[in-house]
6 protein chains.
Amino acid sequence: MPPKEYMNFAPLQITKSIRSFLEGALAEDIGCGDITTLLTIDAPKRSEAVIKAKQDMLLAGAALAVEVFRIGDGETEIVFGFSEGATVREGEVIAKLQGSTSALLSCERVALNILQQLSGIATLTNKYVEAVNGLPVKILDTRKIMPGIRSMAKYAVRAGGGFNHRSGLYDGMLVKDNHIAACGGIKRAVQRIRKSAPHLLKVEVEVKSMTELHEALAAGADVIMLDNMGVNAMKEAVDIVSGRVPLEASGNVNLENVRSIAETGVNMISVGALTHSASAVDISMRIGS
Amino acid sequence: MPPKEYMNFAPLQITKSIRSFLEGALAEDIGCGDITTLLTIDAPKRSEAVIKAKQDMLLAGAALAVEVFRIGDGETEIVFGFSEGATVREGEVIAKLQGSTSALLSCERVALNILQQLSGIATLTNKYVEAVNGLPVKILDTRKIMPGIRSMAKYAVRAGGGFNHRSGLYDGMLVKDNHIAACGGIKRAVQRIRKSAPHLLKVEVEVKSMTELHEALAAGADVIMLDNMGVNAMKEAVDIVSGRVPLEASGNVNLENVRSIAETGVNMISVGALTHSASAVDISMRIGS
Amino acid sequence: MPPKEYMNFAPLQITKSIRSFLEGALAEDIGCGDITTLLTIDAPKRSEAVIKAKQDMLLAGAALAVEVFRIGDGETEIVFGFSEGATVREGEVIAKLQGSTSALLSCERVALNILQQLSGIATLTNKYVEAVNGLPVKILDTRKIMPGIRSMAKYAVRAGGGFNHRSGLYDGMLVKDNHIAACGGIKRAVQRIRKSAPHLLKVEVEVKSMTELHEALAAGADVIMLDNMGVNAMKEAVDIVSGRVPLEASGNVNLENVRSIAETGVNMISVGALTHSASAVDISMRIGS
Amino acid sequence: MPPKEYMNFAPLQITKSIRSFLEGALAEDIGCGDITTLLTIDAPKRSEAVIKAKQDMLLAGAALAVEVFRIGDGETEIVFGFSEGATVREGEVIAKLQGSTSALLSCERVALNILQQLSGIATLTNKYVEAVNGLPVKILDTRKIMPGIRSMAKYAVRAGGGFNHRSGLYDGMLVKDNHIAACGGIKRAVQRIRKSAPHLLKVEVEVKSMTELHEALAAGADVIMLDNMGVNAMKEAVDIVSGRVPLEASGNVNLENVRSIAETGVNMISVGALTHSASAVDISMRIGS
Amino acid sequence: MPPKEYMNFAPLQITKSIRSFLEGALAEDIGCGDITTLLTIDAPKRSEAVIKAKQDMLLAGAALAVEVFRIGDGETEIVFGFSEGATVREGEVIAKLQGSTSALLSCERVALNILQQLSGIATLTNKYVEAVNGLPVKILDTRKIMPGIRSMAKYAVRAGGGFNHRSGLYDGMLVKDNHIAACGGIKRAVQRIRKSAPHLLKVEVEVKSMTELHEALAAGADVIMLDNMGVNAMKEAVDIVSGRVPLEASGNVNLENVRSIAETGVNMISVGALTHSASAVDISMRIGS
Amino acid sequence: MPPKEYMNFAPLQITKSIRSFLEGALAEDIGCGDITTLLTIDAPKRSEAVIKAKQDMLLAGAALAVEVFRIGDGETEIVFGFSEGATVREGEVIAKLQGSTSALLSCERVALNILQQLSGIATLTNKYVEAVNGLPVKILDTRKIMPGIRSMAKYAVRAGGGFNHRSGLYDGMLVKDNHIAACGGIKRAVQRIRKSAPHLLKVEVEVKSMTELHEALAAGADVIMLDNMGVNAMKEAVDIVSGRVPLEASGNVNLENVRSIAETGVNMISVGALTHSASAVDISMRIGS
């Protein structure tokens, strides 16, 4: 369960939940049997294979691919030639495999689907990270992720040089406009939270205006999110706060505007696209003899 | 379990597996508790809410959103104003909700994540379908989908006007280069399959050259996939086959080249991007009083 | 996961679902503990054992028995002396085991229950196959199987020389009388399917009369099932179709009439009894010192 | 969960495990979708249907069929016209249904598979019970049952007038030859059990000879099983024991010899065939308009 | 899923995980059937019942008991006469029930087991809370809880007036001696965490001496835990820190010493006994006619 | 699955259900990741550790701790220095471990939580056993146990020298006052049970008075439970029964009165506190370099 190799970002812990996901992934693809393989490949046949990058990319998810083949067939050997988060160039061999031909064929698509999607997230994240290069700002993910893969997607963000916002509704308090309205104002919402919340969790408050920003500061928010503000408004907010609490910019961030947002002086920029709109990178597996 | 409304494409059957997925989706987000909501919202409070499109889009996944709120709180009412596959314009209200404020807040993100991702797939699919408008060709999906959501993603392709390739390795036989190599040629692979395969499944053979095309035809393939061929090669293949079996074009298809591929006369074009690289559409939920 | 030995029929893929079935099988029998064994056997004691046929039979399910002991106790060694589908005579030793006495005793009944039931299906199937020996017809199974064991039961049919009809409602289209009635006729049903169905699945239509047979042919059915027809009607149907599509005979087939049905010239005969009424064969395990 | 109607034998408790079995049963058959139904039936269409006996039979499993349709579609109404364990004649209507046509079609096979198999067990059990009519003996089942359905199969035995042996290895102690050998004799095995066993469980000892019978009596067995003895040996055993403990006859029992075994005076006769070799009864469902 | 009634502490969210726990709880007790009830109670019989306190206690877990009976039998009505966290005196009726006699009997023990254990935790917690009455200190729980019931046990602590430490290893960072040793000192550990940790989680550092306390302050710990210090050392620590960060006292806290610990001026006192050593309170259910 | 070492009481069978419990235990604590460890410990680092008793105690649950580390990290070695049920003195090393530092830290709390709770049950049980030392009476557990851990808790009772009452509602018949009332008297209840019950299960009847005692004897109860009787009443009951059936004393038993209850001559004394109110023993893990 603990990560097997050292990385300069928090590794992915292969939990029961991830193992179940991978088992389910193979079940989803294989169903009652990989009929083409069962009918064309002699069961004892063994082969070698390579996984290759068909475009420039950052790698993420190798440990998951290893686990897929381990679940599918305990005897497949797979060796990755790159570290997590490393840049791989088009045409380079990402990994070499050896094992039962049937197992290689039955597990191929699942392993590739995971690698190409997580590497896609890492690759896109890195573009945002590069775009703000040199500025004291962190690129954050959000909870906008197709269900089922959150901890993996958030890991891929880390592999790409980004940082994680909270994992779910349980490990951080984020008071949004809906909470504020329903609770009767920022002050009251923060007070209720302060009274009962676990002492290791911070309170972030989403604000839409300078008025709300002042309220949030007065209420004692630990972090403030500037929701969908323009660059000028963000600058004003940075001035008002002047370092008392960290500021997160959120909403309508893209590769074109991310640097100008960063230049406002906010501490963090969260980008939903990292996890909900990253294209898969192109990776293929070729089985040799 | 059976679909509740009529559509001009096969509806999504809400199976045990999908119900488990949705339960797992809420568990993934809520974990041991939506702490912000638990601490700021009085449990008996009830609210209304709307889900709005923030861009032009095709809708897909309404039944899943309904199910999410049903799992989260049996008493939330949700009414969609558009049919599945319908076009929704920026700013239009997609659905109206009414129920426990806590439940609305705790389920919001999961419901939106599913809607925005499936609608994204439907929307992208429809762009491909429009691009080949008027030509006798079907746009197909592939198995290149992040695990866990396959039947939902394939449904979204149908909602966008596309068609489904096989669901997995179990409901269709597709002899690829790796099978051919390991088995000793197209002829032998098809023969082995013909001898034992269930009689309701067809055999598709992937070919990379005219030589292989002739072999596949001679071996009695039911369908032939032209893998990564150029437009001229595809035209030649169409001429050779001249309608004896359906032809599927596959590999490196994009919105720029899809029409010229379609004009070669192939019967189907499969596009991995539909499911592995569709951007989420922008949808939000706003809770009223 | 892939099969470990070569066979002249498609092997059983030991999927997650089958592994769960076997774990559940042990849980069902052992519950909170095999109390007789826990109280009478010293935990470190090890024994040898043999599994013997107590009647003539065809063997099916060896890989599952191996897996049962592997789940129950990772250290039990078990070696089968016969291949799957092989004939075993009364009194012959089917397999030899060696391992923890407790594990052998706690797993015995589950392993035997599976072996005796699957071998029973293979043995009965083979009687049907022998009964039509020399005729160009395939013996097929149906979906009439007690839930939970379908892929295993269908594998046992293959081991006995039979062939599989579709695995479920998802991997083949079979238009039955109820569909025809509800849809408004054979023609309309087949048209609706043709318009949307995945291109690797065939359409089979069930017919009860020559009128329906002509309709099915005209509608373009890929396969036609003759439901509960007498031998003369079947012959007439064979003449009418004269090879344009394969014909499946279905309904009230037994060992007495199967050959005369086969002699009508139908291509396939499906037999529910293979899986819903096969007697278990008699197999026992004896533990030595 | 508790049984809904009174019966003169212990009803089937619909536990979590049975509900999971039924959900799994539908998942096994429907997979990613009942494609024929999805493509031919308009979702809002509703129909009536009847389930009919196509042979004389005893009914068992109605509550499970009800549950199958409840899981598949909460709105299907189903009314059974016979009580559990009642005799149904060929041609009689067992149940009437009303609901979504799609749901009826998608759930039909699963519901019928369960009804036909459990009714088959009840019907066969009743033949054994009738065969010993008037004699003071109980017909018992065994643990020889295909995994996954044990509590349902044992219920069907009760519905047929039989009695249940232990449910598994956890709710009764049965010292068999293998335990005796490994433990060092009947006396020592029974002593070890007596010392530690829960006080509500009895100890049954399997014996193969009069010598072992005497040992078992001396050791204080609560019940003794006569394993594979001939009728004369059983009579001798009955004389020796002369009512001190109940005697169970086991091994090679069939409908031909069961009455003569009963006439030896044994108290119970266990019959593996009840659950491992009962033929399914023939039941069908017809959907009306 | 959202809580149904207002409370002055965070309610328990009935998540999928809790629902599974309750289903498993009934399965654990009922197994293949509540045989005494099945054999003695006519299925249609209905009864009323009361749950009574047999000692003074604080109530916790009512919503779970309601859910147990809902899972066991959808038709049982249960009304609680006290709010969560309320004091109940010996002999008072906690709840009134009405429903199927069988269901009441089959679910009784599970519902009571949960109520008596959670109320036991709330009752014990409240004794600690009362013991520090008037002092500005919070009583905290720990992660020392038998697995499977953590979110419920932590809820019971809240119902008793206590506060929750982190829920698990995922929603708060607590650097303990082992981390410090393995990482090379407090400074380095906190630096590594600061560099990468999600921005809504605080860092608590466990210290055993004034030296470590100074290191933790210098490293920028958000919270400091005084591990197993004596009262004098704690006072010294409070003086040193003088309000810069909150201080948590931990280790060997009991009802005798908790007030003197509180009087040192620490902000929080964590007590393992709340969840690992609380006695169950005595509650019984009596079924009327 | 079978126990690995000999003990003079029935070992704990590590069933699927227990393995799932342990996997769930780690999932409950680790959630989406042990963030402190992931951020402070280099993944490849390995350490040694010891588990120590911090008070005198009886050990129970070693096999479960071994399994926890096996699930968490296949490569952790753990060696226990004491047998199950053995007395460990304060300060003694219970077990030595060696493995990945990350895995040791991530699994520590779960392993300790189980060990400290089960050892707590064994330790408390043993106090009751010692209190009746020399008298011919057995100390029994009950079903009053927090759900999820029953088979483990009952094992800990055995490890402490106690005996197990039935495991659940399925492996023994216990007719309580509620059954008697609902069924119409002791006689009728026992008759209904006798008519249908599995022959390896005994019938225990709970009585509250000498009148009921006589009824239970007359009805043929196998065992009689004296519910909440005083010592004098128990003596009278022992005289009345005079050895015809075993007697179990139940209700309000504690360490002060257990010996006087035993001296009445009852055969068994059941004690709910063993499992619902045992304090955890104090155990800690220390990681070395």
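Quick note: structure is the one above.
The residue numbering used here restarts from 1 in each chain and proceeds along that chain's sequence as written. To read the labels, note that chains go from A and ligands from 1, taken in the order they are written. Side-chain atom pairs in this predicted model are given and counted only at pLDDT of 80 or more, local residue features only at pLDDT of at least 70, and totals for whole chains, interfaces and linings cover all residues. Only heavy atoms go into the side-chain values, all of them from the structure, while hydrogens and water stay out.

Asker: Outline the nonpolar core, listing residues and values.
Answerer: Formed by 208 residues in total, the largest nonpolar core has its most connected members in D:I269 and F:I269. Looking at which element gives the most residues to this core, the answer is helix 4 (residues 101-131) of chain D, with 15 residues. The criterion used for residue contact is that any of the two residues' heavy atoms lie within 4.5 Å. F:I269 has contacts with F:V137, F:K138, F:I139, F:L140, F:A249, F:V253, F:V258, F:I261 and F:A262, leaving out every residue within four places of it along the chain. In this structure, A:M152, A:V207, E:I41 and E:L247 belong to the second largest nonpolar core, which totals 206 residues. By nonpolar core we mean a set of buried residues, namely Ala, Val, Leu, Ile, Met, Phe, Trp, Tyr and Cys, connected to one another through side-chain atoms within 4.5 Å. The cut-offs for exposure are 20% and 50% of the maximum accessible area for each residue type, with area from a 1.4 Å probe on protein chains only; residues under the lower value are buried, those over the upper are exposed, and the others partly exposed. Helix and strand assignments follow DSSP, with helices taken as H or I runs no shorter than four residues and strands as E runs no shorter than two, numbered in order from the N terminus.

Asker: Give me the pairing of strand 5 (residues 93-100) of chain A: which residues, what numbers.
Answerer: Residue and element names in this part refer to chain A. If DSSP finds at least two bridges between two strands, the strands pair. The sheet contact formed by strand 1 (residues 46-53) and strand 5 spans seven bridges and is antiparallel. Bridging from a neighbouring strand, A49 pairs with L97 of strand 5. With four bridges connecting them, strand 3 (residues 77-80) and strand 5 associate as antiparallel partners. Its bridge partner lying in strand 5, F80 is registered against A95.

Asker: If you had to explain the packing of helix 1 (residues 16-30) of chain B against helix 4 (residues 101-131) of chain B to someone new, which residues and values would you point to?
Answerer: All names here are of chain B. Under this scheme, a helix contributes an axis fitted over its contacting stretch, all axes are lines through C-alpha atoms, and angles between N-to-C directions fall in the 0 to 180 degree range. Where helix 1 meets helix 4, the axes come as close as 9 Å, and the angle between the chain directions of the two elements is 125°. Judged by the angle between their axes, helix 1 and helix 4 are oblique. For the crossing formed where helix 1 meets helix 4, the hand is right-handed. The segment helix 1 lies against helix 4, with F21, L22, A25, L26, D29 and I30 engaging S106, C107, R109, V110 and I114. The class makeup of the residues in the contact of helix 1 with helix 4 is eight nonpolar, one polar and two charged. Orientation categories follow fixed angle ranges, with anything under 35 degrees roughly parallel, anything over 145 roughly antiparallel, 65 to 115 roughly perpendicular, and all other angles oblique. By definition, turning the near helix anticlockwise from the far helix through less than a right angle yields a left-handed crossing, and turning it clockwise yields a right-handed one. When residues are grouped by polarity, Ala, Val, Leu, Ile, Met, Phe, Trp, Tyr, Cys and Pro land in nonpolar, Asp, Glu, Lys and Arg in charged, and all others, Gly among them, in polar.

Asker: If you had to explain the relation of the copies chain F and chain D to someone new, which residues and values would you point to?
Answerer: Superposition of the two copies of the chain requires a rotation about an axis together with a shift along that axis. We place the copies in one frame by least squares, fitting the C-alpha atoms of every residue whose pLDDT is at least 70 in both. Least-squares fitting of chain F to chain D yields an RMSD of 0.0 Å, with the transformation described by 0.0 Å of translation along the axis and a rotation of 180°. In symmetry terms, the pair is related by a two-fold rotation axis.

Asker: Which residues make up the interface of chain E and chain F, and what are the values?
Answerer: Residue-level contacts link 64 residues of chain E with 64 residues of chain F. Summed over both partners, the accessible area lost on bringing two parts together, with a 1.4 Å probe, is the buried area. Summing both sides of the interface, chain E and chain F together bury roughly 5500 Å²; the carbon and sulfur share of this comes to 56%. The largest per-residue losses of area from chain E upon contact with chain F belong to E:E28, E:M146 and E:L169, which jointly make up 14% of the total buried on that side. What makes a salt bridge here is a side-chain nitrogen of Lys or Arg within 4 Å of a carboxyl oxygen of Asp or Glu, nothing more. Between the two partners, chain E and chain F, sit eight salt bridges. A salt bridge links E:D42 to F:R192; the shortest N-O distance between them is 2.8 Å. Between N or O atoms, a polar contact is any pair within 3.5 Å; within protein, one atom must be a potential hydrogen donor and the other a potential acceptor, and residues adjacent in sequence are included only when both atoms are from side chains. At the boundary of chain E with chain F, the tally comes to 36 residue pairs in polar contact (both at pLDDT 80 or more). Counting only elements with at least two residues in the side of chain E that touches chain F, the list comes to helix 1 (16-30), helix 2 (35-40), helix 4 (101-131), strand 7 (173-175), helix 6 (177-183), helix 7 (186-196) and strand 12 (283-287) of chain E. Here the side of chain E that touches chain F gets ten residues from one element, more than from any other, and that element is helix 4 of chain E. By residue class, the composition of the side of chain E that touches chain F is 30 nonpolar, 19 polar and 15 charged.

Asker: Break down unusual backbone geometry for me, with residues and values.
Answerer: Phi at A:N252 takes a positive value of approximately 60°, unusual for a residue other than glycine. For A:N252, the position within the fold is in the loop between strand 10 (247-250) and helix 10 (258-262).

Asker: Describe in detail the interface of chain F and chain D, supporting the description with residues and values.
Answerer: Contacts between the two partners involve 25 residues from chain F and, on the opposite side, 25 residues from chain D. Taken over both partners, the interface formed by chain F and chain D buries close to 2000 Å², and the fraction arising from carbon and sulfur atoms is 57%. When residues of chain F are sorted by the area they lose upon contact with chain D, F:H199, F:L200 and F:K202 head the list and together hold 38% of the total. Taken together, the connections running from chain F to chain D amount to zero salt bridges. For the interface between chain F and chain D, the tally reads four residue pairs in polar contact (both at pLDDT 80 or more).

Asker: Outline helix 4 of chain E, supporting the account with residue identities and numerical values.
Answerer: All names here are of chain E. In a helix, the anticipated span is given by 1.5 Å times the number of residues less one. With 31 residues, helix 4 ought to run about 45 Å at 1.5 Å a step, and its terminal C-alpha atoms sit 43 Å apart, in line with that. We define the bend at any residue as the angle between the axes fitted to the seven residues before and including it, ending there, and the seven starting there. Bending of helix 4 peaks at approximately 45° at the position of C107. Of all the 31 residues making up helix 4, 27 are buried; the element is thus mostly covered by neighbouring parts of the structure. For helix 4, the side-chain oxygen to backbone nitrogen distance between the N-cap and S102 is 3.3 Å, and the N-cap itself is S100.

Asker: So, the environment of E:E215: which residues are in play, and what are the values?
Answerer: All names here are of chain E. Its place among the elements puts E215 in helix 8 (residues 210-219). By relative accessible area, which is 35% here, E215 ends up partly exposed. C-alpha separation for the pair E215 and D34, spaced 181 residues apart in sequence, amounts to 60 Å.

Asker: Just give me the short version of the relation of the copies chain E and chain F, but keep the residues and values in it.
Answerer: The two copies are related by a screw motion: chain E maps onto chain F through a turn of 180° and a shift of 0.0 Å along the axis, at an RMSD of 0.0 Å. Interface residue correspondence from chain E to chain F reaches 100%, placing this contact among same-surface, isologous pairings.

Asker: So what's going on with the packing of aromatic side chains? Which residues, and what values?
Answerer: Centre distance within 6.5 Å is the pairing criterion for rings of Phe, Tyr and Trp, where only the six-membered ring of Trp is used; planes under 30 degrees apart are then read as stacked, over 60 as edge-to-face, and the remainder as tilted. Per the counting criterion, the structure on display carries nine aromatic pairs over all chains. Relative to E:Y170, the ring of A:Y170 has its centre 5.6 Å away and its plane inclined at 80°; by these criteria the two rings are edge-to-face. In this pair, A:Y170 sits in the loop between helix 5 (150-159) and strand 7 (173-175) while E:Y170 sits in the loop between helix 5 (150-159) and strand 7, so the two residues belong to two different chains. A relative accessible area of 9% places A:Y170 in the buried class. The positively charged end of C:K138 is found above the aromatic ring belonging to C:F163, 4.4 Å away from the centroid. Two conditions define a charge located above a ring, namely a distance within 6 Å from the ring centre to NZ of Lys or CZ of Arg, and an angle within 35 degrees of the ring normal.

Asker: An account of the pattern of salt bridges is needed here, citing residue identities and associated values.
Answerer: Considering all chains together, one arrives at 84 salt bridges over all chains under this definition. In this structure, B:D177 and A:R286 form a salt bridge, with 2.2 Å as the shortest nitrogen-oxygen distance. Of this pair, B:D177 sits in helix 6 (residues 177-183) while A:R286 sits in strand 12 (residues 283-287), which puts the two residues in different chains. Assessed through its relative accessible area of 19%, B:D177 is described here as buried. A residue is classified by how much of its surface remains accessible, and A:R286, at 41% relative accessible area, is partly exposed.

Asker: I'd like a description of the environment of C:I51, backed by residues and values.
Answerer: Residue and element names in this part refer to chain C. With respect to the secondary-structure elements, I51 resides in strand 1 (residues 46-53). Since its relative accessible area comes to 0%, I51 is described here as buried. For the pair I51 and L97, spaced 46 residues apart in sequence, the C-alpha separation works out to 8.0 Å. Beyond its immediate chain neighbours, meaning those up to four positions away, I51 contacts E92, V93, I94, A95, L97, L112, L115, I283, S284 and M285.

Asker: A description of the packing of helix 1 (residues 16-30) of chain F against helix 3 (residues 62-72) of chain F should follow, citing residues and the corresponding values.
Answerer: Residue and element names in this part refer to chain F. At a closest axis distance of 10 Å, the pairing of helix 1 and helix 3 adopts a crossing angle of 60°. With respect to helix 3, the axis of helix 1 lies oblique. Two packed elements cross with a definite hand, and for helix 1 against helix 3 that hand is right-handed. Facing helix 1, whose interface residues are I18, R19, L22, E23 and L26, helix 3 presents L64, E67, V68, R70, I71 and G72. For the contact of helix 1 with helix 3, the per-class residue count stands at six nonpolar, one polar and four charged.

Asker: Hey, could you go over helix 3 (residues 62-72) of chain B for me, with residue numbers and the actual values?
Answerer: Extensive coverage of helix 3 of chain B is indicated by the burial of eight of its eleven residues. Those residues of helix 3 of chain B lying buried are B:A62, B:L64, B:A65, B:E67, B:V68, B:F69, B:I71 and B:G72.

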